[in-house]
Amino acid sequence: MVTRRTVIAGSAGIGTAAVFGGGAVAVASGSDAPASRSGHIVGATAITRVYGEGQKLIAVAVEYDHDIADSSLSTSSFAVADRTVTKVYANRTAALADRGRDGRYVVVELSPDDKAALLWGKDAVGASPSPTASTSASASASAEPSPSGSSGTNPGTGGPTAGDTTPGGPIVPAQATVTQTGTISTSRGARFPASGTAVATSAVVNLIVDDFRQFTFEDPATGRTLKYNLFVPKGYDPRRKYPLVLFMHDASVVNVDTVGPLVQGLGAVCWASPEDQARHESFVLAPEYGEVVIDDNYKPTTLFETTAHLVEAVTEKYAIDPKRRYTTGQSMGAMLSLGLNIRYPDLFAAAYIVAGQWPDSEAAPLAQKKLWILVAQDDTKAYPGENAITKVIEAAGTKVGTAVWDAGSTATQFAADVRNLKKQQAPVNYAAFQTGTVTATTGATSPHMGTWQIAYSIPGIREWLMKQSL
């Protein structure tokens, strides 16, 4: 169920425009929406949200030329092509709400379980079979310079590694057509009869994703260019010091749009959700790699060093606390996190490692680090790899807390699992999902790639990470 295995990352305000799969992402603002008028309808805005398995189109906000009475609406009032309508209400803005209120917008919420909802990955309707290079969002997203002052891009090439055998593919543009199928009323009693005219969305609001900005970093030390996404806390005050979370994606996201790491799952956006930011205001940094940086030969490209240099450059540019920098990633990104902690022991205060591995012969420095490791028992590479690493850590005298979890647990059960593991009071926490439970819960083709659909939806682990410091 969506409520159990694909926890919503939360809503967010409207940010800067970006380029998704070659289609512009615009922001609707009152009657300025560019759609052509259809009767009393001024325009329609698609609303997306990111889940564990990727970004989905989950609502359409229809703008009228008069305030609409919320009491006149029902799920039979509107239809959206190829989608299941779950809730309909009026609002004053093109935004989701817990309760309706009279306003110029009618929000038509849609089931995230619909096949046509998914906008990311090979299963997305309209997706091409393999990743494709596309225009970087950094060219249009912002005029603010990156830490190096660069504005160029370097897409590069790449392929799967460490079990990432299913390419993510491009980001499918968020588009829908909506039809008013029932009579509705304005707040002053006028009646608008049903219409057979379908209205296409012409603007998009991407919850949380729009709060990130896209840049490029040119590393003078390596000569490499790295695209990246950056979330700056909304109440940013340069007189304070903030933590920073670095999220690094897996190889299935190599060489896609800059925003790829934001829409493929919760790994980046969960830290920028209103709920997480309310507890811990922080920066979130998510590079988009144009090549496979590390594969199962464990010989990283120079983008490995460039990533470390990017972290330092962003730290220098903004008021970031060098004692509260954290790294996390899945598969290739987890491998990068382990490797960076080994090579640069003072770069991060702690790491969240999701379905990754590293040669145990090089793992000894990890005994000095604070780690939370999550992997599936039936992950044929990452599970034995993490077992070997944790043996090295224990041999060095560092305590490792261990637990086996059911990947299909409820949020309440996961919260208890986290508390129980923390009770072991170990600097390194190692949790493994029981064999078979990841694929049964997520429907993923492999436990490896299914692990991160769940991993970033567990708030207790994120809370643990944010409390660590050097």
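Below or above, wherever it landed, is the structure these notes cover. (Residues numbered from 1 in each chain as written. Predicted model: local features only at pLDDT ≥ 70, side-chain atom pairs only at ≥ 80, totals over all residues. Heavy atoms only, no water.)

1. Description of helix α7 (residues 332-343)
The end-to-end C-alpha separation of α7 is 16 Å, in line with the 16 Å expected for twelve residues at 1.5 Å each. Among the twelve residues in α7, eleven count as buried, and that is most of the element. Every buried residue of α7 is accounted for by M332, G333, A334, M335, L336, S337, L338, G339, L340, N341 and I342. The elements touched by buried residues of α7 are β15 (242-248), α6 (303-317), β17 (320-330), β18 (350-354) and α8 (382-395). (Helix = DSSP H or I, 4+ residues; strand = E, 2+ residues; numbered from the N terminus. Expected span 1.5 Å × (residues − 1). Buried < 20%, exposed > 50% of the residue type's maximum accessible area, 1.4 Å probe, protein only. Contact = heavy atoms within 4.5 Å.)

2. With respect to the packing of α6 against α7
Helix-helix packing: each pair is described by the crossing angle between the helix axes and the interaxial distance. Between α6 and α7, the shortest axis-to-axis distance is 11 Å and the interhelical angle comes to 70°. The orientation of α6 with respect to α7, classified from their angle, is roughly perpendicular. Residues F304, E305, T307 and A308 of α6 pack against L336, G339, L340 and R343 of α7. Across the contact of α6 with α7, the residue classes break down as four nonpolar, two polar and two charged. (Axes fitted to C-alpha atoms, helices over the stretch in contact; angles between N-to-C directions. Parallel < 35°, antiparallel > 145°, perpendicular 65-115°, else oblique. Nonpolar A, V, L, I, M, F, W, Y, C, P; charged D, E, K, R; others polar.)

3. Digging into the sheet that holds β17
One key point about sheets: their strands pair by backbone hydrogen bonds, in either a parallel or an antiparallel sense. Read from one edge to the other, the open sheet built from nine strands follows the order β13-β14-β16-β15-β17-β18-β19-β21-β20, with strand pairing classed as mixed. Edge positions in the open sheet fall to β13 (212-218) and β20 (400-405), since each of these has one partner strand only. Geometrically, the sheet is characterised by an average inter-axis angle of 20° between neighbouring strands, direction not taken into account. Inspection of the sheet shows β13 paired to strand β14 (residues 225-231) by seven bridges, in the antiparallel sense. The residue bridging Q214 from the neighbouring strand is N229, located in β14. Packing of α6 onto the sheet brings it into contact with β13, β14, β15, β16 (283-288) and β17, and relative to β14 it is tilted by some 40°. (Pairing = 2+ DSSP bridges.)

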